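# Survey of secondary and tertiary structure
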2 protein chains.
Amino acid sequence: MSQKNVMVAQSGGPTVAINASLAGVIQGVQSSSSYGTVYGAVNGILGILNDEFLNLSSLMEENPAFMERLITTPAMFLGSCRHKLPDYLDDDSSYVFIFSQFEKYNIDAFFYIGGNDSMDTVLKLSEYGKKIGSNIRIIGIPKTIDNDLCMTDHTPGFGSAAKYIASSLLEIAHDTFIYAVKSVTIVEIMGRDAGWLTAASALARNGYSTAPHLIYLPEVPFDTEDFLLDVKRALFERDNVIIAVSEGIRDVNGNYISATESAADTFGHSQLSGAGRTLEFLIKEKLGIKVRSVEINVLQRSAAHLASKTDLEESVELGKKAVALSEEGVTASMVTVNRISNAPYKISYEYAEIKNIANEAKSVPREWINDAGNDVTQEMIDYLTPLIQGESNVTYENGLPVYMDITHLAKQKR
Amino acid sequence: MSQKNVMVAQSGGPTVAINASLAGVIQGVQSSSSYGTVYGAVNGILGILNDEFLNLSSLMEENPAFMERLITTPAMFLGSCRHKLPDYLDDDSSYVFIFSQFEKYNIDAFFYIGGNDSMDTVLKLSEYGKKIGSNIRIIGIPKTIDNDLCMTDHTPGFGSAAKYIASSLLEIAHDTFIYAVKSVTIVEIMGRDAGWLTAASALARNGYSTAPHLIYLPEVPFDTEDFLLDVKRALFERDNVIIAVSEGIRDVNGNYISATESAADTFGHSQLSGAGRTLEFLIKEKLGIKVRSVEINVLQRSAAHLASKTDLEESVELGKKAVALSEEGVTASMVTVNRISNAPYKISYEYAEIKNIANEAKSVPREWINDAGNDVTQEMIDYLTPLIQGESNVTYENGLPVYMDITHLAKQKR
């Protein structure tokens, strides 16, 4: 019988930990007696459909430094996609082709590293595989800065994003504190439906700075009048008020707190402005005070120079765990982190059925938000703190962080 | 004769290197035989007017760890101000009081760490001092992320901001490169009148990434039609085009490229949007392509965790140099960096008369920008490269960078 191989792909939005899980899969196969080659599909599931693969085992052999650099490189080494498979009951042609590809490359296990949409793909492939009586294991490896996957204590990529947000919030507080003039600074943080990342701003608090002074998550309906009262009260107590707000805050009717702006210049164009900028407008209008909004932009998911060591290490372990599970015959599942205790921080790596994960989202529990809906509780802090511990081992050359070339797949120059 | 003392203050916008120069002044006095105590005026020149001082020499004695932590702490330890002294010919009351304060504290030298506005204060105090026949030395120590002070090769704070911008640009490139879909990303960078910081984005280029693919500085009039042609051409060559643009770009008539947005929601409010967002509107409107704008916000001047070691070391040296010069009797001057060579990078610390610096601004020379006005030349790269070398020695505790408490001066809680 010929050697069995495995296939891996990456999908969805970037994180700084998604290559660590890829490295974990490669490591798992390297130390496995069951598996031979790791094929990487290019641009997620599209790589299988387009017959575009990298032989990751060969790449690893050719370049021994590959592994360490891969772990600390932000965004997908294999490229990404946002491709939703159709229901196989409507159209099974993609499925037929994908499983013929698995056969062609003698694939025993397929690992898909991604977030909610990617877990939908894992579910669909698992169901189709079961229907046709395939033995190929289909296992998801979680990845999302949003931390909104069910059945796992937290998700790879979240801890690093949380560390970046907390550190940046502290540095923004320094930037703000130097003037003896009343001011409000609004920091808008990613997370359309779940407030985990915005909650992480609370980790910025230390012995001298209590910023952010107000925190608004999408899990609690946002009331403009309550907000203005909160800000006035905070301004009474201190000169410089710093507010962390999720991009996804909504009013009681579920409408996003955002304003449609029309550019009144020659371009004449309407544009949806984010929550932070909308609240900046509001405070300027209603309170007439110095106000600034800062959008913690895509860097919260790609600033690998400030990754959490804990996050990277766990991401590698989850990749290895996925390989070990597939050897045990587990399929139709996602690897998970199970937290045993906060202090000391103890976890175990487990798995859960994909049907309980795909197309579900984990919100912040209401009891981890204070009654007024403008801060988080100590339970949230205790949950978050272990996830940002330790610094990544990024090397610098010529003044800049050194990452792996993720443009190698590009058909055009970068 | 009683011991002579010195006074120091910080002013203007934050940088991550301004406390390194403060540390340099303290070190210079510690190793001086002429000077006794270093008084720090609180909130710039306002501290002298309000009689608010810290005895920095005592603080240093009480806490030996003070010095090292001070050097890596972002934003002003002594607080800041934006206070312009009146012309003493119109109203000399502030001047009379300031010089009486100097006498009261037995001050022999006053050091003001800041940017263009602060150097205006140094000039005015120098002129008034000369008029009244004062022997007190008045010396400026440069500080500005904008790098727009004359007579010095570069300014403290600039190298660290440049390092943050280049690193962030590289990480944004990673974030962008993963999708095989045409897109434009516009990164807006600080520098209202000078393009130095935006030029530093070019340092992000490495062996695999040529981003940013287009760079626009305020020194060249911005033409919308030329810009759209540039973008179309770049999109023809590659999938993901990344553009660095200064917040201060202006058209041929000197009007800022910005749009007045009116928020079309209940708040009904007009707002000037920045250059990046305005160009985002324009590309969406005219080219109909996926486009995003990212504002590299206040973190470019306060992200001390990514400071340039070269920048911090030079900032300390300039503080020490200022003390040494005052002992030699130099006054009405600013300490400067003189570049001897790029490779190997060699500099000397000098000084220049403040009258040639105050109220002047150093723009990017036209010949360091390419003919098309959409990139910088190799000379610019050679100039910038040495300034971002080396990493700062920030320590982390509990997952976050540890800085010094800069809120100690606050009358209200933070």
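Being a predicted model, the structure only gives us computed values, none of them experimental. (Residues numbered from 1 in each chain as written. Chains lettered and ligands numbered in written order. Predicted model: local features only at pLDDT ≥ 70, side-chain atom pairs only at ≥ 80, totals over all residues. Heavy atoms only, no water.)

## Details of the overall build of chain A
A count of helices and strands for chain A gives 13 helices and 15 strands. Relative to its length of 414 residues, chain A is compact, with a C-alpha radius of gyration of 23 Å against a globular reference of 22 Å. The C-alpha extent of chain A, read off along each of the three principal axes, is 75 × 45 × 45 Å. A buried classification covers 63% of the 414 residues belonging to chain A. Put simply, 75% of the contacts in chain A that link residues at least 6 apart link residues at least 24 apart. For chain A, the computed accessible surface area is about 14900 Å², with 47% contributed by carbon and sulfur atoms. (Helix = DSSP H or I, 4+ residues; strand = E, 2+ residues; numbered from the N terminus. Rg over C-alpha atoms; globule rule 2.2 N^0.38 Å. Buried < 20%, exposed > 50% of the residue type's maximum accessible area, 1.4 Å probe, protein only. Contact = heavy atoms within 4.5 Å. Areas by Shrake-Rupley, 256 points an atom, 1.4 Å probe, with all protein chains shown as cover.)

## Comments concerning unusual backbone geometry
Residues and elements named next belong to chain A. With an omega of 0°, the peptide bond between Ala-211 and Pro-212 qualifies as cis. With respect to the element layout, Pro-212 can be found in the loop between helix 8 (196-199) and strand 7 (214-216). Phi at Asn-147 takes a positive value of approximately 60°, unusual for a residue other than glycine. For Asn-147, the location among the structural elements is in the loop between strand 5 (137-142) and helix 7 (158-177). Phi at Met-151 is positive, roughly 70°, even though this residue is not glycine. Tracing the backbone through its elements, the reader meets Met-151 in the loop between strand 5 and helix 7.

## Let's talk about the pairing of strand 5 of chain A
All names here are of chain A. With six of six residues buried, strand 5 is to be regarded as a mostly interior element. The pairing of strand 4 (residues 107-114) with strand 5 spans six bridges and is parallel. Looking across to strand 5, one finds that Gly-114 is bridged to Pro-142. As a crossover connection, the stretch from strand 4 through helix 6 (residues 116-131) into strand 5 is right-handed. As defined by bridge partners, strand 5 adjoins strand 12 (residues 333-341) across two bridges and the pair is classed as parallel. Residue Gly-140 lies in a different strand from strand 12, and its bridge partner there is Met-334. (Pairing = 2+ DSSP bridges. Right-handed = clockwise from strand over helix to strand, strands pointing away.)

## Remarks on the sheet that holds strand 6 (residues 183-189) of chain B
Residue and element names in this part refer to chain B. In space, the four strands of this open sheet follow the order 7-8-6-11, with parallel pairing throughout. Each of the sheet's edge strands pairs with one partner strand only, and the pair in question is strand 7 (214-216) and strand 11 (290-295). Put simply, the sheet's adjacent strands are angled 15° from each other on average, direction ignored. Here strand 7 runs beside strand 8 (residues 240-246); their pairing, made up of three bridges, is parallel. (Axes fitted to C-alpha atoms, helices over the stretch in contact; angles between N-to-C directions.)

## Observations regarding the relation of the copies chain A and chain B
Mapping chain A onto chain B calls for a rotation angle of 180° and an axial translation of 0.0 Å; the resulting RMSD is 0.0 Å. What the superposition gives is, in effect, a two-fold axis relating one chain to the other. (Least-squares fit on C-alpha atoms with pLDDT ≥ 70 in both.)

## Observations regarding the pattern of salt bridges
All names here are of chain B. Evaluation of the coordinates by the stated rule reveals 33 salt bridges over all chains. For the salt bridge of Arg-233 with Asp-230, the shortest nitrogen-to-oxygen distance reads 3.7 Å. Of this pair, Arg-233 and Asp-230 are both found in helix 9 (residues 224-237), three residues apart, which corresponds to roughly one turn of the helix. In this structure, Arg-238 engages Glu-237 in a salt bridge whose closest nitrogen and oxygen atoms are separated by 3.4 Å. The exposure class of Glu-237 is partly exposed, given its relative accessible area of 36%. (Salt bridge = Lys/Arg side-chain N within 4 Å of Asp/Glu carboxyl O.)

## Some details on helix 6 of chain A
Because the α-helix completes a turn every 3.6 residues, residues three or four places apart line up on one side. Residues and elements named next belong to chain A. Its 16 residues place the ends of helix 6 23 Å apart at the C-alpha level, agreeing with the 22 Å of an ideal helix rising 1.5 Å per residue. Of the residues making up helix 6, those classed as buried are Ser-118, Met-119, Asp-120, Thr-121, Val-122, Leu-123, Lys-124, Leu-125, Ser-126, Tyr-128 and Gly-129. On its buried face, helix 6 sits against helix 2 (45-49), helix 5 (93-104), strand 4, strand 5 and strand 12. Backbone geometry just downstream of helix 6 places Gly-133 in the positive-phi region, at approximately 70°. (Expected span 1.5 Å × (residues − 1).)

## Comments concerning the side chain of Asp311(A)
Residue and element names in this part refer to chain A. Mapped onto the elements, Asp-311 comes out in helix 12 (residues 309-327). Buried and without a salt bridge, Asp-311 has Lys-163 as its closest oppositely charged side chain, separated by 10.0 Å. With residues near it in sequence (within four places) discarded, Asp-311 still touches Ala-17, Thr-155, Pro-156, Gly-157, Phe-158, Gly-159, Ser-160 and Leu-387. (Lys, Arg positive; Asp, Glu negative; His and termini not counted.)

## Remarks on the nonpolar core
Counting residues in each nonpolar core, the largest one holds 189 residues, and the members touching the most others are Phe111(A) and Phe111(B). When sequence neighbours within four positions are dropped, the list of residues in contact with Phe111(A) reads Val6(A), Met7(A), Val8(A), Ala9(A), Val25(A), Ile139(A), Ile141(A), Ala322(A), Val323(A) and Ser326(A). (Core = buried A, V, L, I, M, F, W, Y, C linked by side-chain atoms within 4.5 Å.)

## Section: the pairing of strand 1 (residues 4-10) of chain A
All names here are of chain A. The buried count for strand 1 comes to six of seven residues, which makes it a mostly enclosed element. Sheet topology places strand 1 next to strand 2 (residues 35-41); four bridges connect them, and they run parallel. Looking at the pairing, Met-7 lines up with Tyr-39 of strand 2. Taken together, strand 1, helix 1 (residues 18-30) and strand 2 constitute a β-α-β crossover, and its handedness is right-handed.

## A few points about the interface of chain A and chain B
Contacts between the two partners involve 88 residues from chain A and, on the opposite side, 88 residues from chain B. Across the chain A to chain B interface the summed buried area is about 7500 Å²; carbon plus sulfur atoms make up 56%. In this assembly, chain A and chain B are joined by two salt bridges. The partner of Asp175(B) in a salt bridge is Arg301(A), and the shortest N-O contact between them spans 2.7 Å. Summed over the shared surface of chain A and chain B, the result is 30 residue pairs in polar contact (both at pLDDT 80 or more). Those elements that place two or more of their residues in the side of chain A that touches chain B are helix 7, helix 9 (224-237), strand 9 (259-263), strand 10 (269-273), helix 10 (275-287), strand 11 (290-295), helix 11 (299-302) and strand 15 (400-401) of chain A. Residue contributions to the side of chain A that touches chain B peak at 11 residues, all from helix 7 of chain A. (Buried area = accessible area lost by both parts, 1.4 Å probe. Polar contact = N/O pair within 3.5 Å; in protein donor to acceptor, adjacent residues only side chain to side chain.)

## Regarding a negative patch on the surface
Taken together, the side chains of Asp87(A), Asp90(A), Asp91(A), Asp92(A) and Glu127(A) present a region of like negative charge at the surface. For Asp90(A), the position within the fold is in the loop between helix 4 (66-71) and helix 5. (Patch = residues over 30% accessible without salt bridge, like charges linked within 9 Å, V, L, I, M, F, W, Y side chains within 5 Å. Charge placed at Lys NZ, Arg CZ, Asp CG, Glu CD.)

None of this, on its own, says anything about what the molecule does.
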